[in-house]
Amino acid sequence: MQFVDLLHQNNIGVIIDLVPAHFPKDDTGCGSSMARRCTSTPIRKKGEHPDWGTLIFNYGRNEVKNFLLSNALFWLDKYHIDGLRVDAVASMLYLDYSRKDGEWQPNMYGGRENLEAIDLLKKFNEEVHLQYPGVLTIAEESTAWAGVSRRRNLGGLGFLAQVETWAG
């Protein structure tokens, strides 16, 4: 808190990186066996991230959504953070992200969109902008998803900005 206050006293804004897309498999933090039962889905095609060797949150569970939203709001409330950059949004949006045919499970309509994750991202932006007007929300999103930075009432996710990160 003191560091953020010092930065603000010197007219420097603070943006932190949130990673609601995945969490480590190890027994610390969210990777513990208790946390795994509450956060990830038992379906291998949805519960593990093949590139990173991590587990994926089950966005369909209310306690998971509440945990992730509360985490974001905590940083804004207690630390007075000026912006939240959400990492790996593309991996949240698509059920087939980094997966071959047969390695992913379609949504209830047969599509590749992760409906629960989309709902979470919309709710995230709604709550952040409602409770903390002026806070910047940024999506690190590397696909052609339409509407990442479109307002929610126009069918978008509600991020105020979108950045693409790539290696090279």
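Scroll up for the structure.
Conventions and cut-offs
Throughout this document, residue positions are counted from 1 along each chain, in the order its sequence is written. Confidence filtering applies because this is a predicted model: local features only for residues at pLDDT of at least 70, side-chain atom pairs given and counted only at 80 or more, and all residues used for totals across whole chains, interfaces and linings. The side-chain quantities take in all heavy atoms of the structure and omit both hydrogens and water. Runs of H or I in DSSP of at least four residues are treated as helices and runs of E of at least two as strands, each being numbered from the N terminus. What makes two residues a contact is simply this: any of their non-hydrogen atoms within 4.5 Å. The accessible surface values rely on the Shrake-Rupley method and a 1.4 Å probe; as for residues, cover is taken only from the protein chains in view. The span you would expect from a helix comes to 1.5 Å times its residue count less one. Note on exposure labels: buried denotes an accessible area under 20% of the residue type's maximum, exposed denotes more than 50%, and partly exposed covers the range between, all computed with a 1.4 Å probe on protein chains only. Nonpolar cores are built from buried Ala, Val, Leu, Ile, Met, Phe, Trp, Tyr and Cys residues. Side-chain atoms within 4.5 Å join them into one set. For two strands to be treated as a pair, DSSP must find no fewer than two bridges joining them. We define a salt bridge as a side-chain nitrogen of Lys or Arg found within 4 Å of a carboxyl oxygen belonging to Asp or Glu. Only the stretch in contact is used when fitting a helix axis, every axis being a line fitted to C-alpha atoms; angles between N-to-C directions are given from 0 to 180 degrees. Angle categories are assigned with fixed cut-offs, so that under 35 degrees is roughly parallel, over 145 is roughly antiparallel, 65 to 115 is roughly perpendicular, and the rest are oblique. Helix crossings fall into two classes, left-handed where the near helix is turned counterclockwise from the far one by less than a right angle and right-handed where it is turned clockwise. Residues were grouped as follows: Ala, Val, Leu, Ile, Met, Phe, Trp, Tyr, Cys and Pro as nonpolar; Asp, Glu, Lys and Arg as charged; and all remaining residues, including Gly, as polar.

> Explain the overall build of the protein chain to me, please; I cannot follow it from the model alone.
The secondary structure content of the protein chain amounts to 6 helices and 6 strands. Secondary structure elements in the protein chain, listed N-terminal to C-terminal, are α-β-α-α-β-β-α-β-α-α-β-β. Taking all contacts inside the protein chain whose residues are at least 6 apart in sequence as the whole, residues at least 24 apart take part in 61%. Accessible surface, the protein chain: about 9,600 Å² in total, of which carbon and sulfur atoms supply 53%.

> I keep staring at helix α6 (residues 115–131) and nothing clicks. Help me out?
Every α-helix winds through 3.6 residues per turn, so residues three or four apart in the chain are directed the same way. For α6, built from 17 residues, the straight-helix expectation of 24 Å at 1.5 Å per residue is met to within 8% by its first-to-last C-alpha distance of 24 Å. What α6 keeps buried is the set Ala117, Ile118, Leu120, Leu121, Phe124, Asn125, Glu127 and Val128. Against the buried residues of α6 lie β1 (15–18), α4 (62–79), β4 (83–86), α5 (89–93) and β5 (136–140).

> Would you mind going over unusual backbone geometry with me for this structure?
In most cases, non-glycine residues show a negative phi, while peptide bonds are predominantly trans. A positive phi angle, near 55°, is found at asparagine 11, a position not held by glycine. As for its placement among the helices and strands, asparagine 11 is situated in the loop between α1 (2–9) and β1. Look at asparagine 11 and you get exposed, because its relative accessible area is 75%. At alanine 88, a residue that is not glycine, the phi angle is positive and equals roughly 60°. For alanine 88, the location among the structural elements is in the loop between β4 and α5.

> When you look at the nonpolar core in this model, what are you seeing that I'm missing?
In summary, soluble globular proteins display a tendency toward joint burial of nonpolar side chains. Ranked by size, the top nonpolar core spans 37 residues in total, and within it Tyr59, Leu84, Leu93, Leu121, Phe124, Leu157 and Phe159 carry the most contacts. Of all the elements in the fold, those that place two or more residues in this core are α1, β1, α4, β4, α5 and α6. With sequence-adjacent residues up to four places away left out, phenylalanine 159 is seen in contact with Val86, Val89, Leu121, Phe124, Asn125, Thr137, Ile138, Ala139, Val148, Ser149 and Arg150.

> Sorry if this is basic, but what is going on with the pairing of β1 here?
Along a regular strand, successive side chains alternate from one face of the sheet to the other. Here β1 shows a clear split, with Ile16 and Leu18 buried on one side and none of Ile15 and Asp17 buried on the other. Pairing analysis gives 4 bridges linking β1 to β4, with the strands arranged parallel. Of the residues in β4, the one forming a bridge with leucine 18 is valine 86.

> Even after reading the chapter, I still don't get the side chain of glutamate 127, so can you show me in this structure?
Along the chain, the position of glutamate 127 falls in helix α6. By relative accessible area, glutamate 127 is classed as buried at 16%.

> In this structure, what is going on with the pattern of salt bridges? I would like to understand it.
Pairing of side chains with opposite charge becomes possible as their charged atoms draw close. Enumeration according to the criterion identifies 9 salt bridges in this entry. Of the charged contacts, one joins lysine 65 and aspartate 119 as a salt bridge, the two residues approaching to 3.7 Å between their closest N and O atoms. Here aspartate 119 lies in helix α6 and lysine 65 lies in helix α4, a separation of 54 residues in the sequence. Across the salt bridge formed by glutamate 126 and arginine 152, the nearest N and O atoms sit 3.5 Å from each other.

> I would appreciate a short explanation of the environment of asparagine 71 in the present structure.
Within the fold, asparagine 71 resides in helix α4. Taking the C-alpha atoms as reference points, asparagine 71 and proline 20, separated by 51 residues in sequence, lie 9.6 Å from one another.

> Could you clarify how one ought to interpret the packing of α4 against α6 in this entry?
For any two helices packed against each other, the geometry is given by the interaxial angle and the distance between the axes. Where α4 contacts α6, the two axes come as close as 10 Å, and the packing angle between them is 30°. Between α4 and α6, the interaxial angle falls into the category roughly parallel. In this structure, α4 crosses over α6, and the sense of that crossing is right-handed. Of the residues in α6, those in contact with Lys65, Leu68, Leu69, Ala72, Leu73 and Leu76 of α4 are Asp119, Leu120, Lys123, Phe124, Glu127, Val128 and Gln131. Within the contact of α4 with α6, the residues separate by chemical class into 8 nonpolar, 1 polar and 4 charged.

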